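This is what each chain is made of:
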Amino acid sequence: MTLKPQELKHVNYLWDDEIADQLDPVERLRYRSNLLGADQRITNTGGGNTSSKIKLPDPLTGEDADVLWVKGSGGDLRTSTRANFASLYMDKFLSLENIYTRAEVKGVKTEIEDAMVDMYRHTTFGLNPAASSIDTPLHGLIPFRHVDHMHPISVIAIAASKDQERLTQEIFEEEVGWVPWQRPGFDLGLVMRDKLRQDPDLKGLVMGQHGLINWADDDKACYERTLSLIEKAARYIEKYDKGDQTFGGQKYQSLDEKTRNEIFVKLLPVLRGKVSGSNRFIGTVHVTESLLQFVNSVNAPRLAEIGTSCPDHFLRTKIKPLYVDWDPQHESVESLIQILDSGLAQYRSDYKAYYEACKHPDSPPMRDPNPTVILIPGLGLIAWGKNKSESRVTAEFYSLAIEVMRSSEAISEYQGLPRQEAFDIEYWLLEEAKLKRMPPEKEFARHVVVVIGAGSGIGKATAHRVAREGAHVVCADLSEQAAHATAQHLVHLYGVGIGVAGTGISGSGPAIGLGVDVTNRESIRSMFENVILAYGGFDNIIITAGIFVPPDKQGYIPDEKWSLTYSINVTGPYLVADEAKRIWLAQGLKTSLVITTSANAAVAKQGSFAYDTSKAAANHLVRELAIELAPLVRVNGLAPATVVEGSSMFPRDRVISSLTKYNIPFDESESTELLRDKLAAFYAQRTLTKSPITLGDQAEVAYLLSSDKFSKTTGQIIHVDGGLQEAFLR
Ligand SMILES: [Zn+2]
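Keep in mind that what you see is a predicted model, and the values were worked out from it rather than measured. (Residues numbered from 1 in each chain as written. Predicted model: local features only at pLDDT ≥ 70, side-chain atom pairs only at ≥ 80, totals over all residues. Heavy atoms only, no water.)

Colleague: Before we move on, can you summarise helix α14 (residues 333–358) with the specific residues and values?
Modeller: Spanning 26 residues, α14 covers 36 Å between terminal C-alpha atoms, matching the ideal 38 Å at 1.5 Å per step. Looking at the buried side of α14, the elements it contacts are α10 (257–275), β9 (322–323), β10 (373–376) and α16 (419–426). (Helix = DSSP H or I, 4+ residues; strand = E, 2+ residues; numbered from the N terminus. Expected span 1.5 Å × (residues − 1). Contact = heavy atoms within 4.5 Å.)

Put into structure tokens, the structure is as follows:
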């Protein structure tokens, strides 16, 4: 019997007829999917799928066709749009069974089973480009109009328990059946259909080591049934909650938040270096009370070793996490790092042994053997991924796995997927083909680039430029507001990602905005601490922050303005490099620093003593730092000249005074941009290339100098000045 909405305590009932009734049938499916995906107790990010069989006019004949709309490969229920659903002619899809049964060798993991995935394309309705997933037959072969397949914590807890079949029977009685673990595919669809043929009254099935599937002929009824079944499982589990004795009780105590963060700041760069031996990783720190209860527990080492159960969890979390047995109350950070070192070595050798023991003759080569989830008592969980979104998904998955283990251990004994089954999913040739189809990684993929001065001008343009190359961008600026604005714009352009995890600043997207005063060492240090907590470390730094203090009409610069110019233009980059050095050394990953100087460093001009000499000093700072930071960090200078466009160095009154100085005709009523264009055109005429110098020109070179495209260049100053003969270096 389906529970009523008001009886649900363990899931949120979100269906609203007023919204649903205005939608067409495909949009109703999208709506139902978004509602289900919005609650992690119902399904995890990227996990599960939904379908509706909908009658639609066939574009070829105009007659009604029965069309299976089912969530396609990739994507995520919570954020799905119509474009994430594949559409297949039901009759053509069902006819595929003939092809499957004609194969001499068939069944789970046979060649024909993998080959079926390509056949779905031949059944596409309406030229829909969305690719069908391996779960398509689970929906197409169930003879009901609407099907939900979810990965709910409470049902996976049953499905990952030693006596899962008995528990299914006890909790759901006649309503829900059970099928043992089987890798999803055409054969599993047939198994489920057979089950339903034997017992036509079934409302759903618990899928061993995997999740839940259920159906109805009405979409709202299907949604309500999904919630009701999950609720029933959760209520049963609640009765057996072990309280203080959960996970065998507590062995260690949690550290307070301040201490935790201090340790994370020291630990994360070291750890990032250690796990990034094959590929660079981006980190996420995840700490909740529930997670701490697990990592501090007596049973954590045993349960961590079993690994996660749900098949799409461990593609991200790997076969198992690395649990570090460190006593937060009595041992130092230094000993934590030592324990981690031996733990990582053991993990890599375990992974290699797992690969060797389970591989087939045609298995893809071994992948990165480093752990993606690290559990530390007193501290919490650290996840690693190729980008922020993936590392957040990984953190989310393992915290869901912890909830599964909590529930499963309350009602029975938790068990993982058999190693060979886990391997056959991790190294599934279909997965490998999917990976091979992905576009090559961009230049700054897996990198965190800190742009100081990102609130405006060259810095802002550079932040956008490196983001286009796949960088995670720390937008830092004296104006915290401007830094946030640039970061928010980037997050808007590239999306915040799909994972639902990350504590505090670690829950951020591909860009963050931070305030920093480069003349203040404490301020720089605090910025880097935030960067470490957000991403686990950082790679390249590009400094564009600078100041030009114009002299008064007599050419006089007050002493404090002279000091300020040097503080920002020379001491600033030095302090940033000096603070970054410790962290770079802790990480041990090759990287680069770019400091923006100026063509004025080489051209003496009347009236800009402070600026020009400070930039000459910055040029030499580049060379000194190149020696100091070699071989780990390349240091180069970008020397722009007269970028007028959108520059904070050229406010309206400076533009007007320059136009007056050079006798360029203008009208006071003209816009600042127009006046800047006039000045830029005038400056362009003084250069060899005769074209105005843009922010984009500067950002391009800042990016190139940072990137591996200039991997053999250090200690150099590159001018982007349109060709100024008087600035030629001698
Ligand atoms: Zn699934």
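Colleague: Help me get a handle on the environment of G189, residues and values and all.
Modeller: Mapped onto the fold, G189 is located in helix α8 (residues 186–198). What makes G189 buried here is its relative accessible area of 0%. G189 has contacts with P137, L138 and L141, leaving out every residue within four places of it along the chain. (Buried < 20%, exposed > 50% of the residue type's maximum accessible area, 1.4 Å probe, protein only.)

Colleague: A description of the packing of α10 against helix α21 (residues 559–587) should follow, citing residues and the corresponding values.
Modeller: Contact pair α10 / α21: the axes reach a minimum separation of 7 Å and the direction vectors enclose 40°. Contacts between α10 and α21 involve P269, V270, R272 and G273 from the former and I583, A586 and Q587 from the latter. Split into classes, the residues belonging to the contact of α10 with α21 amount to four nonpolar, two polar and one charged. (Axes fitted to C-alpha atoms, helices over the stretch in contact; angles between N-to-C directions. Nonpolar A, V, L, I, M, F, W, Y, C, P; charged D, E, K, R; others polar.)

Colleague: Give me the pattern of salt bridges: which residues, what numbers.
Modeller: Oppositely charged side chains can form a pair if their charged atoms are brought close together. Summed over all chains, the structure comprises 46 salt bridges. Residue R465 is joined to E700 by a salt bridge in which the shortest nitrogen-to-oxygen separation is 2.6 Å. Of this pair, R465 sits in helix α18 (residues 457–468) while E700 sits in helix α25 (residues 695–706), and the two are 235 residues apart along the sequence. Overall, the relative accessible area of 9% leaves R465 in the buried class. (Salt bridge = Lys/Arg side-chain N within 4 Å of Asp/Glu carboxyl O.)

Colleague: Let's hear about the coordination of the zinc ion: which residues, and what values?
Modeller: Coordination angles at a metal have ideal targets, namely 109.5 degrees for four tetrahedral donors and 90 or 180 degrees for six octahedral donors. Donor atoms from the polypeptide that coordinate the zinc ion comprise H149 (NE2), H151 (NE2) and H210 (NE2), at 2.0 to 2.1 Å from the metal. For the zinc ion, the donor residues sit on a single chain with the sequence spacing H-x1-H-x58-H. Taken together, the residues H151 in the loop between β4 (146–150) and α6 (153–159) and H210 in the loop between β6 (204–207) and β7 (211–216) connect sequence positions 59 residues apart. Across this residue pair, the class does not change: H151 and H210 are buried. (Donors = N, O, S within 2.8 Å, 3.2 Å for Na, K, Ca; no water.)

Colleague: Go over the sheet that holds β10 with me, naming the residues and quoting the values.
Modeller: Strand order in this open sheet of four strands is β8-β11-β10-β9, and the pairing throughout is mixed. The open sheet has two edge strands, β8 (282–286) and β9, and neither has a second partner. Of the strand pairs in this sheet, β9 and β10 are connected by two bridges, and their pairing is parallel. Bridge pairing in β10 links Y323 to L375. (Pairing = 2+ DSSP bridges.)

Colleague: Now, about the packing of aromatic side chains: what can you tell me, with residues and values included?
Modeller: Tallying each qualifying case throughout the model produces 24 aromatic pairs. An angle of 80° between the planes, with centres 5.8 Å apart, marks the rings of F444 and Y703 as edge-to-face. Of the two residues, F444 is situated in the loop between α17 (429–437) and β12 (448–452) and Y703 in helix α25; the sequence distance between them amounts to 259 residues. A residue is classified by how much of its surface remains accessible, and F444, at 2% relative accessible area, is buried. Relative to Y611, the ring of F548 has its centre 5.0 Å away and its plane inclined at 75°; by these criteria the two rings are edge-to-face. With F548 in the loop between β15 (541–543) and α21 and Y611 in helix α22 (residues 609–629), this pair connects stretches of sequence that are 63 residues apart. Members of the aromatic cluster, connected to one another through ring pairs, are Y351, Y354, Y355, F423 and Y427. Over the aromatic face of Y89 sits the side chain of K92, whose NZ or CZ is 4.3 Å from the ring centroid. The side chain of R654 reaches across the aromatic face of F548, ending 4.1 Å from its centre. (Phe/Tyr/Trp six-rings, centres within 6.5 Å; stacked < 30°, edge-to-face > 60°. Lys NZ or Arg CZ within 6 Å of the ring centre and 35° of its normal.)

Colleague: Which residues make up the sheet that holds β12, and what values do they have?
Modeller: Note: strands within a sheet are paired through backbone hydrogen bonds, in either parallel or antiparallel orientation. A sheet is described by the order of its strands in space; here seven strands give the open sequence β14-β13-β12-β15-β16-β17-β18, paired in parallel fashion. With partners counted over all chains shown, the strands left at the sheet margins are β14 (511–515) and β18 (717–720), one partner each. Strand-to-strand twist of the sheet, defined as the mean angle between neighbouring strand axes without regard to direction, takes the value 20°. Pairing geometry for β12 and strand β13 (residues 472–477), over five bridges, is parallel.

Colleague: Pulling in residues and values, what's your account of the packing of α10 against α14?
Modeller: Between α10 and α14, whose axes approach to 11 Å, the crossing angle comes to 25°. What the angle tells us is that α10 and α14 run roughly parallel. Where α10 crosses over α14, the two elements pack in a sense that is right-handed. Here I263, K266, L267, V270, L271, K274 and V275 of α10 come into contact with α14, specifically with V333, L336, I337, L340, D341, L344 and R348. Considered class by class, the residues forming the contact of α10 with α14 number ten nonpolar, no polar and four charged. (Parallel < 35°, antiparallel > 145°, perpendicular 65-115°, else oblique. Left-handed = near helix turned anticlockwise from the far one by under 90°.)

Colleague: Residue-level account of the pairing of β7, with values.
Modeller: Within β7, six of the six residues are buried, which leaves the element mostly enclosed by the surrounding structure. Side chains G211, I213 and W215 of β7 all project onto a buried face; the interleaved residues L212, N214 and A216 project onto the opposite face, where all are buried too. Sheet topology note: the β6/β7 ladder contains four bridges and is antiparallel. Within β7, the residue paired with V206 across the bridge is L212.

Colleague: Go over α22 with me, naming the residues and quoting the values.
Modeller: A rise of 1.5 Å per residue sets the reference length of α22, with its 21 residues, at 30 Å; its end C-alpha atoms lie 30 Å apart and thus fit the reference within 8%. Of the positions making up α22, those classed as buried are A610, Y611, D612, S614, K615, A618, N619, L621, V622, L625, A626 and L629. Where α22 is buried, its residues meet α21, β16 (591–596), β17 (633–640) and β18.

Colleague: Report on empty space enclosed by the protein, specifying residues and quantitative values.
Modeller: In total, this model carries three cavities of 30 Å³ or more according to the counting rule given. The space that makes up the largest cavity amounts to roughly 50 Å³. When its residues are assigned to classes, the lining of the largest cavity shows five nonpolar, two polar and one charged. In this structure, the second largest cavity occupies an estimated 40 Å³ of space. Lining the second largest cavity we find E113, D114, M116, V117, Y120, I134, P184, G185, F186, W428 and L430. Considering every element that reaches the lining of the second largest cavity, the biggest residue donor is helix α4 (residues 111–119), with four residues. (1 Å grid on protein atoms, 1.4 Å probe; cavity = no way out; pocket = protein on both sides within 12 Å on 5 of 7 lines; lining within 4 Å. Points joined across faces, edges and corners; volume = space filled by probe spheres on them.)

Colleague: An account of the environment of I337 is requested, with residue identities and associated values reported.
Modeller: Mapped onto the secondary structure, I337 falls in helix α14. For I337, a relative accessible area of 21% puts it in the partly exposed group. For the pair formed by I337 and C310, sequence separation is 27 residues and the distance between their alpha carbons is 31 Å. Setting aside its immediate chain neighbours within four residues, I337 contacts L267, V270 and K274.

Colleague: Before we move on, can you summarise the nonpolar core with the specific residues and values?
Modeller: F294, Y398, I452, M527, F538, I541 and L593 are the most contacted members of the largest nonpolar core, which has 123 residues in total. Apart from the residues within four sequence positions on either side, M527 is in contact with V450, I452, A476, L514 and V516. I542, L638, V701 and V720 belong to the second-largest nonpolar core, a separate cluster that totals 22 residues. (Core = buried A, V, L, I, M, F, W, Y, C linked by side-chain atoms within 4.5 Å.)

Colleague: Please set out unusual backbone geometry residue by residue, giving values where relevant.
Modeller: Along the chain, A630 connects to P631 via a cis peptide bond; the corresponding omega equals 0°. Residue position: P631 is located in the loop between α22 and β17. Positive phi, close to 65°, is recorded for K109, a residue that is not glycine. Considering the arrangement of structural elements, one finds K109 in the loop between α3 (90–102) and α4. Despite not being glycine, L127 has its phi angle at roughly 50°, a positive value. Looking at where L127 falls in the secondary structure, it is placed in the loop between α4 and α5 (136–140).

These values are about where atoms sit, not about what they do.
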